[in-house]
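Residue-level structural notes
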Amino acid sequence: MRKVLSENQKENQKLRGGLDLKEEYIVEGMTCAACAKAVERAALKIAGVKSATVNLSTERLSIEAANKIDREMLFETVENSGYSLKEVKSGRKAVMEIDGMTCAACSVAVEKAIGRLEGIKSVSVDLSSDTVSFEYDPDALRIGQVKAAVEKADYKAGGLITENLAASRLRKEAATLSYKRKLVFSAIFALPLLIVAMGHMVGLRLPIIIDPHMNPLNFAMIQLFLTVPIVIAGKDFYLKGIPNLFRGNPNMDSLVGLGTGAAFAYGIFATAQIALGNHVYVADLYFESAGVIIALISLGKYLENLSRGRTSDAIMKLMSLSPETAYVKRGDGFEEIAIEETEVGDTLLVKPGMRIPVDGEILEGTSSIDQSVITGESIPVDVQKGAKVIGGTTNISGIFEMKATVVGSDTVLSRIIKLVEDAQSSKAPIARMADIVSGYFVPFVLIAAAVTFVTWILLGYGFAFSMSMMIAVLVIACPCALGLATPTAIMVGTGKGAELGILFRNGEALEVTHKVDAIVFDKTGTITRGRPELVDIHTMGSLDSDQVLQLAASVARRSSHPLDSAISIAYHGTLLQVSSFEAYPGKGIIAVVNGREVRIGNHRFVGLSAEEMELVDKVSSKGMTPVSVSVDGKPAAVFGIADVVKENSLEAVSTLKEMGIDTYIMTGDNTRTAKAIAEQVGIENVLAEVMPEDKARKVADLKKEGKTVMMVGDGINDSPALAEADISIAVGSGTDIAIESSDVVLISDNLNNVPKAIKLSRATIRNIKENLFWAFFYNVIGIPVAAGLLYKVAGIKLNPMIAGAAMAFSSVSVVANALRLKRVRI
């Protein structure tokens, strides 16, 4: 598995010119997996392109190239394949909601009001969505000025919508609306067409003027007139599908276009024969096959687009977390500006209930912050001056001022969104079989349809019967189900993970995670909190623990040593005056506190007797570091200082054991300390006294035993071991997280998310296998039945309309099954 590079490795590769150029484009005109393969093939023809991946669900083409590519050639090549590309827009654009517009004159008024402003490059009002889109120069214009201009024109300016969010939403809404219009239009004509053509089979009597026995020509003509509008509504099947067939890139549209086109053409031929007096053709018009199939497929496409829209709910929710505006300090007051206009160093005001605009540090005030949307942790975090805050999280109670430290695409939220987008656009190895099959699928169906037609002709069943069988084969085949089986599940799975604070870097990481049967935890900062804390006090002599701790903390606050910091932090009372202080490196400290000599250090420095050493041994046996204290030359206490185990470590390890996964702890600490920590959390396998350079070798040894190994670390100090593991997880905490460091990133430091990540991976892969099984099973069973395999044996003949309905709902069922992941309990 290709591992994620550390930042240093990335820099080195950049210097050597080793990193590939990555570009992304929006693809228009795709309807099935065959379309995606055609676009990939076209992109790979461009010089310099090393890989091209199309995600049918997100309609994105991702390209990796060794150097800069010829974009004009890329666009032209893809267009020659029957599709079109659009660049993913970048730049300062805004979409603002407008209230009060009722007609075209209103939209013109708003456009003029905004267009007059200096700094506006372009402006466009969409009356249907009550929004105005404009491109502007942020150095010359502020959003507040735009709002003022709208208000001056007697309209109400609403909130801003993120441009990418708006574009994505509008594109999906436009596609869904288009299919809805086609469906409604087709249904208006298809229903009466079905009644006229098939009504007599269920006892319905037609008026004499269109009765097939009394007026066969009228019967044929009314069906022709009802079918023509439906064919026009489904023109894309013919204008795109048929040309793609001749380009050598046949897709689902090609199959539907051929099937319904053949039925429609035969219907016209039969009508002409009836007009010439050959009334026998009245029984085989097949207009209803063409019309109703198009209507049913439009229904399927509409439902599929509705469902596919829901697969990207998670990314849309993440994108909507960032507020549209921020209050920045200007002079003595605060001015509302667009979030894109914030800069590093700006002082921002955040009121209760507002979302924090960007990553930053609190300058003044206190509050509680709800970080659940980022970390998945439901308990609010109390913050005060100096605390770091994450953009997109919600300020619950207090009001505070903050300094913007990270803005734009570098914020935690933006990086999370980018990571989730990349993961949703990637392919998992499990999809390769479906990709291979879909590449040959449509040509195979075309051959199968031709063979079906010829076979029934040779068997003497006549042209009409043979054509009916051929049409059924063409329209029942569904490459869409194959193409959607994997990407829809990955989209929902990675989106679900993002909601839980679990970020998968790509589809490959999501797939490999479910195979994990051994997990190696780094100790410091992963199993433990990563900082020493005073956890045990054993007193000796006349002073109690509070008195000893007060004296020791008064001295320790003068030192920067981590063990002394632990003592200082542990005491919350009033500190005493220290009159002299002297540190002895590697030994300890001697100080005078209120006239009393205080020594803090190892047992030799303090001078403990053999009997008193028993306390030192007792503390050491628990995996703690002993620190001895004496007052006026008499031993006063032995402190036990340790890197404390996180509250959720025991629960996480217990859950992993229940899942049948072996757990290991790996550390550079001594064996006694490592075993003490391991016992606390229930880990039996201890790898102690392992130097950083040897950690990767230990992971490799486990892999040689046939295990699929996951390494869990902080993503900073464990790079070699993380890279060696089959799958790596970086555990972070808020703004400190290294998002680029691993295959899977946990936004919070809650280790319960490790088993959750594995459970989510297992659920997603299970869902993908269900989707692939259905897609293959449907086509493997459906195509032979449609070809008439059971006709000779059981007299079963599949009506082309039934075949069309089955095809329409097969892809819907795949997407619906993927959406079940939203409700899975992790």
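Before reading on, note that the structure itself is shown above.
A few points on the structure. (Residues numbered from 1 in each chain as written. Predicted model: local features only at pLDDT ≥ 70, side-chain atom pairs only at ≥ 80, totals over all residues. Heavy atoms only, no water.)

**Looking at the overall build of the protein**
Counting its secondary structure elements, the protein contains 29 helices and 30 strands. The buried share of the protein, reckoned over its 826 residues, is 52%. Across the protein, contacts joining residues at least 24 apart in sequence account for 69% of those joining residues at least 6 apart. For the protein, the computed accessible surface area is about 36,400 Å², with 54% contributed by carbon and sulfur atoms. (Helix = DSSP H or I, 4+ residues; strand = E, 2+ residues; numbered from the N terminus. Buried < 20%, exposed > 50% of the residue type's maximum accessible area, 1.4 Å probe, protein only. Contact = heavy atoms within 4.5 Å. Areas by Shrake-Rupley, 256 points an atom, 1.4 Å probe, with all protein chains shown as cover.)

**Some remarks on a negative patch on the surface**
A cluster of acidic side chains, namely D70, E72, E76 and E79, defines a negative patch on the protein surface. Among the secondary structure elements, E72 is positioned in helix α3 (residues 71-80). (Patch = residues over 30% accessible without salt bridge, like charges linked within 9 Å, V, L, I, M, F, W, Y side chains within 5 Å. Salt bridge = Lys/Arg side-chain N within 4 Å of Asp/Glu carboxyl O. Lys, Arg positive; Asp, Glu negative; His and termini not counted. Charge placed at Lys NZ, Arg CZ, Asp CG, Glu CD.)

**Concerning the environment of A552**
In this structure, A552 sits in helix α19 (residues 545-556). Overall, the relative accessible area of 0% leaves A552 in the buried class. The spatial distance from the C-alpha of A552 to the C-alpha of M711 is 39 Å, given a sequence separation of 159 residues. Each residue touching A552, except ones within four places of it in the same chain, is listed here: I567, I600 and F639.

**Looking at a nonpolar patch on the surface**
Taken together, the side chains of F773, W774, F777, V780 and I781 make up a nonpolar region of the molecular surface, amounting to roughly 500 Å² of accessible area. Here I781 lies in helix α27 (residues 753-786).

**Looking at the packing of aromatic side chains**
The full count for this structure, using the stated rule, is 17 aromatic pairs. Plain terms: the ring middles of Y25 and F75 are 5.6 Å apart, the flat faces sit at 85° to each other, and that makes the pair edge-to-face. On the criterion of sequence distance, the pair formed by Y25 in strand β1 (residues 21-28) and F75 in helix α3 is long-range, its members being 50 residues apart. Assessed through its relative accessible area of 1%, Y25 is described here as buried. The class of F75 is partly exposed, set by a relative accessible area of 22%. Ring geometry for W456 versus F465: centroids 5.3 Å apart, planes at 75°, classification edge-to-face. The exposure class assigned to W456 is buried, which follows from its relative accessible area of 5%. Take F465: its relative accessible area is 13%, and that puts it in the buried class. (Phe/Tyr/Trp six-rings, centres within 6.5 Å; stacked < 30°, edge-to-face > 60°.)

**Examining the nonpolar core**
Where a protein is soluble and globular, its nonpolar side chains tend to be buried together. By size, the foremost hydrophobic cluster in this structure holds 132 residues, and its most contacted members are L61, I63, I519, F521 and V754. No other element matches α27, which puts 12 residues into this core. When residues no more than four places from it in sequence are discounted, the contact partners of F521 are T526, I527, V653, L656, T663, Y664, I665, M666, I683, V712, L751 and V754. Listed in part, the 26 residues of the second largest apolar core include L549, V593, V598 and I641. (Core = buried A, V, L, I, M, F, W, Y, C linked by side-chain atoms within 4.5 Å.)

**Description of the side chain of S554**
Along the chain, the position of S554 falls in helix α19. A polar atom in the side chain of S554 sits 2.7 Å from the backbone oxygen of Q550. Here the side chain of S554 touches L576 through a polar contact of 2.8 Å, landing on its backbone nitrogen. Those residues in contact with S554 that sit more than four places away from it in its chain are L575, L576, V578 and V593. (Polar contact = N/O pair within 3.5 Å; in protein donor to acceptor, adjacent residues only side chain to side chain.)

**Focus on the pairing of strand β26 (residues 662-666)**
Burial within β26 is extensive, with four of its five residues counted as buried. The pairing of strand β19 (residues 518-522) with β26 spans five bridges and is classified as parallel. Bridge pairing in β26 places A518 opposite D662. The pairing of β26 with strand β27 (residues 685-687) spans three bridges and is parallel. Looking at the pairing, Y664 lines up with N685 of β27. (Pairing = 2+ DSSP bridges.)

**Regarding unusual backbone geometry**
Positive phi, close to 65°, is recorded for Y286, a residue that is not glycine. As for its placement among the helices and strands, Y286 is situated in the loop between α9 (252-275) and α10 (287-311). At D632, a residue that is not glycine, the phi angle is positive and equals roughly 55°. Take D632: it is sitting in the loop between β24 (625-631) and β25 (634-645).

**A closer look at the packing of α27 against helix α29 (residues 800-819)**
Direction vectors running N to C along α27 and α29 enclose 170°, while the axes themselves pass 9 Å from each other. As judged from the angle between their axes, α27 and α29 are roughly antiparallel. Where α27 approaches α29, its residues N767, E770, N771, W774 and Y778 are matched on the opposing element by A803, A806, M807, S810, S813, V814, N817 and A818. Looking at side-chain class alone, the contact of α27 with α29 contains seven nonpolar, five polar and one charged residues. (Axes fitted to C-alpha atoms, helices over the stretch in contact; angles between N-to-C directions. Parallel < 35°, antiparallel > 145°, perpendicular 65-115°, else oblique. Nonpolar A, V, L, I, M, F, W, Y, C, P; charged D, E, K, R; others polar.)

**Considerations on the sheet that holds strand β29 (residues 727-731)**
What the seven strands build is an open sheet, ordered β18-β30-β29-β28-β19-β26-β27; its pairing is mixed. In this open sheet, the two edge strands, each paired with only one partner strand, are β18 (502-504) and β27. Adjacent strand axes in the sheet meet at a mean angle of 20° when their direction is disregarded. Sitting on the sheet, α27 is in contact with β18, β19, β28 (709-713), β29 and β30 (744-746), with an inclination near 50° to β18.

**Observations concerning the pattern of salt bridges**
Evaluation of the coordinates by the stated rule reveals 18 salt bridges. A salt bridge links R599 to E597; the shortest N-O distance between them is 3.9 Å. Looking at R599, the relative accessible area reads 25%, which means it is partly exposed. A cluster of three or more residues bridged by salt bridges with shared partners is formed by R529, R531, E533 and E647.

**Let's talk about empty space enclosed by the protein**
Taken as a whole, this structure holds two cavities of 30 Å³ or more when the rule is applied. Considering only enclosed or pocket space, the second largest cavity measures out at about 40 Å³ in volume. If you trace the second largest cavity, you find it lined by M252, I297, G300, K301, E304, C480, M807, A808 and S811. Those elements that provide at least two residues to the lining of the second largest cavity are α10 and α29. Counting residues per element, the lining of the second largest cavity draws most heavily on α10, which supplies four residues. (1 Å grid on protein atoms, 1.4 Å probe; cavity = no way out; pocket = protein on both sides within 12 Å on 5 of 7 lines; lining within 4 Å. Points joined across faces, edges and corners; volume = space filled by probe spheres on them.)

**Details of the environment of A757**
Here A757 lies in helix α27. Judged by relative accessible area, A757 falls into the buried class, the value being 0%. For the pair formed by A757 and E40, sequence separation is 717 residues and the distance between their alpha carbons is 31 Å.

**Focus: the environment of D749**
Assignment of secondary structure puts D749 in the loop between β30 and α27. Looking at D749, the relative accessible area reads 35%, which means it is partly exposed. D749 sits 178 residues away from Y571 along the chain, and the two C-alpha atoms are 26 Å apart. For D749, the residues in contact, after removing those within four places along its chain, are K646, N648, V731 and G732.

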